[in-house]
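Each chain, written out:
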Amino acid sequence: MFGTRLRLARKQAGLSMRALAERMDPKITAQAISKYEAGKMMPSSAVLVGLGKALDVSLDFLMSTQVEALDGLEFRKHAHTSARDRDRAEAILIDNLERYLTIEDILDIPSVADPFKARCCDSVATEQQIDAKADELRRAWDLGTDPVPSLCALLEDRGIKVVEANLSERINGLACHVLRDGKPVADAIVVSSRTNIERKRFTLAHELAHRIIRSTGNPAIKLENAMNRFAGAFLVPGQRLREEVGAIRHRITYYEIMRLKHTYGVSAAAMLVRLGQVGILRPATVQRTFATFARPWRATEPEPIRSNQGFGAFEKPQRFKRLVWHAIGEELISPVRAAALLNEPLDEIERQINGPVVQ
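Just so it is clear, the structure is predicted and the values come from calculations on it, not from any experiment.

Observations concerning the overall build of the protein
Piece 1. For the protein, the count of helices and strands is 18 helices and six strands.
Piece 2. Referenced to the eigenvectors of the C-alpha coordinate spread, the extents of the protein come out at roughly 70 × 55 × 40 Å.
Piece 3. Taken over 359 residues, the protein has a buried fraction of 48%.
Piece 4. Partitioning the intrachain contacts of the protein with sequence separation of at least 6 by distance along the chain shows that 71% fall at a separation of at least 24.
Piece 5. Counting every atom, the protein has about 17900 Å² of accessible surface; 50% of that belongs to carbon and sulfur.
Piece 6. When the 52 basic and 45 acidic side-chain charges of the protein are each reduced to a single mean position, those positions are 6 Å apart.

Okay, structure coming up:
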């Protein structure tokens, strides 16, 4: 376990064994690092601290054993994402999961075994079946057809570990199964704090789709396209959309699309695509709109949702932080331990414990 973590931390730092050895204090050789990574030798406590400083990772990341491995890693990334970007994202996820699973253990919260097992299907063959699967999940979760206020809260309530982190600008998010020694597999999703609210919500819905639909069963429908279709259908139910704007429209205005995107918390481009998917707009009308006033929308979001208003105020992971503060309130962890778990200064933790100083 230690060797695997050390190798990952070194790769995400972009260092060779020799370069890491040159950074170290106390000094060690590249041969020693090779033995650490191969599991043939363990470092002394002083060397362990030095490795953490040289690689800018926590000792929890290097030594904790909550996460045995990450399985089925799926990246939502740009085409030119580097191996270092992926290694860094994986290291960030492991570090966050170690702290997340630690606080669950402290609070003796039982692990949930495959929260989506009853909702999964092996394959879907048509786009209509994809939409039907999204509608079925909404009914099972008693969501009706109203917009979902917070995808983060919804998924956290269903057992997924949701993490927001400062990823490379070329990665929007990633998801995986978390393998744990002797415990049920956990699901985790990371979304980038760099992305806008619209993309963040769509990424979360896309990763939810991967947990519901395993394959398309139709060579004409690519899996990632099917996941995007499910995300659009889950965020914007077709029945509700037709009731709002009409079953068939010859064209739609910029004003209407802006109102709809703010109503459902999706991008303007995703809303325009969805209007075509449910048959409100003809394919030719969607294409013509993307060729005219909607042409810049793929690169730049028009009238973006503000981070502190509407959906932006709610679309943040909350569960991990809430659990840490629960543990502080019950005096199960010290303020020092809480500061390490939350990656926040100790004085800020103490201020939040005791409240403002009364003059």
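Let's talk about unusual backbone geometry
Piece 1. Note that the residue after aspartate 25, namely proline 26, is joined by a cis bond; omega there is 10°.
Piece 2. Along the polypeptide, proline 26 turns up in the loop between α2 (17–23) and α3 (30–37).
Piece 3. We note that aspartate 142 has phi near 55°; this positive angle belongs to a residue other than glycine.
Piece 4. Within the secondary structure, aspartate 142 is located in the loop between α7 (127–140) and α8 (151–157).

Considering the side chain of arginine 5
Piece 1. Within the secondary structure layout, arginine 5 lies in helix α1 (residues 2–12).
Piece 2. Among all residues touching arginine 5, those that are not within four sequence positions of it are Asp60, Phe61, Leu62, Ser64, Val67, Ile94 and Glu98.

A look at the pairing of strand β4 (residues 171–180)
Piece 1. The element β4 is largely enclosed, with a buried count of eight among its ten residues.
Piece 2. Across seven bridges, the pairing between strand β1 (residues 69–77) and β4 is antiparallel. Bridge assignment links aspartate 71 to a residue of β4, and that residue is histidine 177.
Piece 3. Two strands pair when backbone bridges link them, and β4 and strand β5 (residues 183–192) are joined in this way by seven bridges, in the antiparallel orientation. By the bridge assignment for β5, leucine 174 is matched with valine 190.
Piece 4. In this structure, the hairpin formed by β4 and β5 is closed by a connection of two residues, where glycine 182 is found at a positive phi of approximately 75°.

A few points about the packing of helix α6 (residues 83–106) against helix α17 (residues 335–342)
Piece 1. Following both chains from N to C, one finds α6 and α17 inclined at 140°, their axes separated by 9 Å at the closest point. Regarding the angle of α6 to α17, the classification is oblique. Seen from α6, the contacting residues are Arg99, Thr102 and Ile103; seen from α17, they are Arg337, Ala340, Leu341 and Leu342.
Piece 2. The class makeup of the residues in the contact of α6 with α17 is four nonpolar, one polar and two charged.

Things to note about the side chain of arginine 180
Piece 1. Mapped onto the secondary structure, arginine 180 falls in strand β4.
Piece 2. For arginine 180, a relative accessible area of 7% gives the class buried.
Piece 3. Here glutamine 66 takes part through its side chain, which lies 2.7 Å from a polar atom of the side chain of arginine 180.
Piece 4. Not counting residues up to four positions away in its chain, the partners in contact with arginine 180 are Gln66, Glu68, Leu101, Asp105 and Ser111.

Looking at the packing of helix α13 (residues 268–277) against helix α14 (residues 283–291)
Piece 1. One can describe the packing of α13 onto α14 by two numbers: an axis separation of 9 Å at closest approach and a directional angle of 160°. Compared by their axis directions, α13 and α14 come out roughly antiparallel. You can see that α13 and α14 cross each other, and the crossing is right-handed. Mapping the contact onto sequence places Ala269, Leu272, Val273 and Gly276 in α13 and Val286, Thr289 and Phe290 in α14.
Piece 2. Here the contact of α13 with α14 is built from residues that sort into five nonpolar, two polar and no charged.

Digging into the sheet that holds β5
Piece 1. Pairing is mixed across the open sheet formed by four strands, whose spatial order is β1-β4-β5-β3. This sheet does not close on itself; its edge strands, each paired only once, are β1 and β3 (160–165). Across the sheet, the axes of successive neighbouring strands diverge by a mean angle of 15°, strand direction being ignored.
Piece 2. Across the face of the sheet, α6 comes into contact with β1, β3, β4 and β5 while running at roughly 50° to β4.

Focus: the nonpolar core
Piece 1. In this structure, Leu208, Phe230, Phe234, Leu241, Ile257, Met271 and Leu275 are the most contacted members of the largest nonpolar core, which totals 55 residues.
Piece 2. Considering each element in turn, this core owes the most residues, seven residues, to helix α10 (residues 223–235).
Piece 3. Those residues in contact with leucine 241 that lie beyond four places of it in its chain are Val236, Gly246, Leu260, Tyr264, Met271, Arg274, Leu275, Val278 and Ile280.
Piece 4. Listed in part, the 40 residues of the second largest apolar core include Ala13, Ile33, Leu51 and Leu167.

Looking at α10
An α-helical turn contains 3.6 residues, so a residue and the one three or four places further along point in the same direction.
Piece 1. End to end, α10 covers 18 Å across 13 residues, agreeing with the expected 18 Å (1.5 Å per residue, within 8%).
Piece 2. Every buried residue of α10 is listed here: Ala226, Met227, Arg229, Phe230, Ala231, Gly232, Ala233, Phe234 and Leu235.
Piece 3. Its buried side turned inward, α10 meets α7, α8, α9 (197–212), β6 (213–215), α12 (254–264) and α13.

Cut-offs used in this document
Residues numbered from 1 in each chain as written. Predicted model: local features only at pLDDT ≥ 70, side-chain atom pairs only at ≥ 80, totals over all residues. Heavy atoms only, no water. Helix = DSSP H or I, 4+ residues; strand = E, 2+ residues; numbered from the N terminus. Buried < 20%, exposed > 50% of the residue type's maximum accessible area, 1.4 Å probe, protein only. Contact = heavy atoms within 4.5 Å. Areas by Shrake-Rupley, 256 points an atom, 1.4 Å probe, with all protein chains shown as cover. Lys, Arg positive; Asp, Glu negative; His and termini not counted. Charge placed at Lys NZ, Arg CZ, Asp CG, Glu CD. Pairing = 2+ DSSP bridges. Axes fitted to C-alpha atoms, helices over the stretch in contact; angles between N-to-C directions. Parallel < 35°, antiparallel > 145°, perpendicular 65-115°, else oblique. Nonpolar A, V, L, I, M, F, W, Y, C, P; charged D, E, K, R; others polar. Polar contact = N/O pair within 3.5 Å; in protein donor to acceptor, adjacent residues only side chain to side chain. Left-handed = near helix turned anticlockwise from the far one by under 90°. Core = buried A, V, L, I, M, F, W, Y, C linked by side-chain atoms within 4.5 Å. Expected span 1.5 Å × (residues − 1).

Such coordinate-based values are descriptive only and should not be taken to indicate function.
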